Amino acid sequence: MSTSVARRRARTASSMLGHPFGLGLVLGVGLFVALWIGGALSDRGAYAPGSPRVEPTPRALPPPATYPTIRSDEMPRPALSPAVEDVAFLRLRRLQFPVPSTDPRRLRDDFSDSRNGRSHEAIDILAPRGTPVVAVDDGVVQKMFHSVGKGGLTVYQFDPEGAYCYYYAHLDRYADGLREGQELHKGDVIGYVGTTGNAPPQTPHLHFAIFKLGPEKKWWKGAALNPFPVWAPPRAG
Ligand SMILES: [Zn+2]
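Residue indices follow the written sequence of each chain, beginning from 1 at its first position. Thresholds applied to this predicted model are a pLDDT of at least 70 for local features of residues and 80 or more for the giving and counting of side-chain atom pairs; totals over whole chains, interfaces and linings are not thresholded and use all residues.

Q: What is the right way to look at the overall build of the protein chain in this model?
A: A tally of regular secondary structure across the protein chain gives four helices and 11 strands. Contact between residues is assigned whenever the C-beta positions, reconstructed from backbone atoms, fall within 7 Å. Counting contacts in the protein chain only where the partners sit at least 6 residues apart, residues at least 24 apart contribute 63% of the total. Secondary structure is summarised from DSSP: a helix means a run of H or I of at least four residues, a strand means a run of E of at least two, and numbering begins at the N terminus for each.

Now the structure itself:
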């Protein structure tokens, strides 16, 4: 290259750079190319054909709040004595009051009274001699027993499940035709109020008791339950 040609080209380049738009044109094209290459490279990184698209790892969700299902009969219950639970159960059975002509609200709780040096373990229901006495529950006449010095004419009734024994004492007489093994329905007349046995002759009453039977199911063997709360009105509050 001759010196004159080199000088001419140098002049041309310097005149372009010196042109008001020359420098801006060069910088603009360079910027465009730089952006195009950068964009292509970044796209290839994320969506390169042939490589599996990487899905974001799903974030582990907390397990749904679950609570154990509790049946009503599994609900935690306050600790009660067995006798209290039995009385609550018998209340639910809605036992018939054994002397229907007498108001249960006039009943006095004499279950724990001392009688002849022993705990009474029954309730006395005062009523005129000859007042009908009825079965408090369905069941069966398990035993008709004449206890001369104690209960007098008595009936031992088992409930349908043989879990409880209802005891009726000091009867004046039995209902006509009553016999051992007879099926009873709640409200059936079984006898009449009297003073047989050791009851004061001037105080006819029904001595009534409830016994929880043991596994041997003997009419003379059982744990006495207080019948009083079975018919007591529900406590206020
Ligand atoms: Zn009594």
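Back to the text.
Q: What exactly am I supposed to notice about the environment of Gly-130 here?
A: In this structure, Gly-130 sits in the loop between strand 3 (123-126) and strand 4 (132-134). C-beta crowding within 10 Å serves as the criterion here: with 11 such atoms nearby, Gly-130 is assigned to the exposed category. Measuring from C-alpha to C-alpha, the distance between Gly-130 and Arg-173 comes to 8.3 Å, with 43 residues separating the pair along the chain. With residues near it in sequence (within four places) discarded, Gly-130 still touches Asp-172, Tyr-192 and Val-193. Exposure in this text rests on C-beta crowding, where 20 or more other C-beta atoms within 10 Å of a residue's own make it buried, 12 or fewer make it exposed, and counts in between make it partly exposed. The C-beta atoms are placed from the backbone.

Q: It is not clear to me how the nonpolar core should be interpreted in this structure. Could you clarify?
A: Inside soluble globular proteins, nonpolar side chains tend to come together where they are buried. A set of buried residues qualifies as a nonpolar core if it consists of Ala, Val, Leu, Ile, Met, Phe, Trp, Tyr and Cys joined through C-beta atoms within 7 Å. Residues Val-133, Tyr-167, Tyr-168, Leu-206 and Phe-208 are the most contacted members of the largest nonpolar core, which totals 34 residues. Breaking this core down by element, the ones donating at least two residues are helix 3 (82-92), strand 3, strand 4, strand 6 (152-158), strand 7 (164-174), strand 9 (189-193) and strand 10 (205-213). In terms of residue count, strand 7 provides more of this core than any other element does, seven residues in total. What Tyr-168 contacts, discounting residues up to four positions off in sequence, is Pro-98, Val-133, Thr-154, Val-155, Ile-190, Gly-191, Leu-206 and Phe-208.

Q: I would appreciate a short explanation of unusual backbone geometry in the present structure.
A: Only a minority of non-glycine residues have a phi that is not negative, and only a minority of peptide bonds are not trans. Residues other than glycine seldom take positive phi values, yet Asn-116 does so here, at roughly 55°. Looking at where Asn-116 falls in the secondary structure, it is placed in the loop between strand 1 (114-115) and strand 2 (118-119). On the basis of neighbour count, Asn-116 is assigned to the exposed category, with 7 C-beta atoms found within 10 Å. Non-glycine residue His-170 carries a positive phi angle of around 65°. With respect to the helices and strands, the residue His-170 is situated in strand 7. Taking the C-beta count within 10 Å as the criterion, His-170 has 27 such neighbours and is therefore assigned buried.

Q: Sorry, what's going on with the pairing of strand 7 here?
A: Put simply, side chains in a regular strand alternate between the two faces of the sheet. A large share of strand 7 lies buried, amounting to eight of its 11 residues. For strand 6 and strand 7, the ladder comprises five bridges, and the chain directions are antiparallel. Among the inter-strand pairings, Gln-157 is bridged to a residue of strand 7, identified as Tyr-166. Being paired, for any two strands, means DSSP has found at least two bridges between them. Connecting strand 6 to the next strand, strand 7, in antiparallel fashion are five residues, including Gly-162 with a positive phi near 65°. Across six bridges, the pairing between strand 7 and strand 10 is antiparallel. Counted as the bridge partner of Tyr-168 is Phe-208 from strand 10. Here strand 7 runs beside strand 9; their pairing, made up of three bridges, is antiparallel. Residue pairing in the sheet places Arg-173 in a bridge with Tyr-192 of strand 9.

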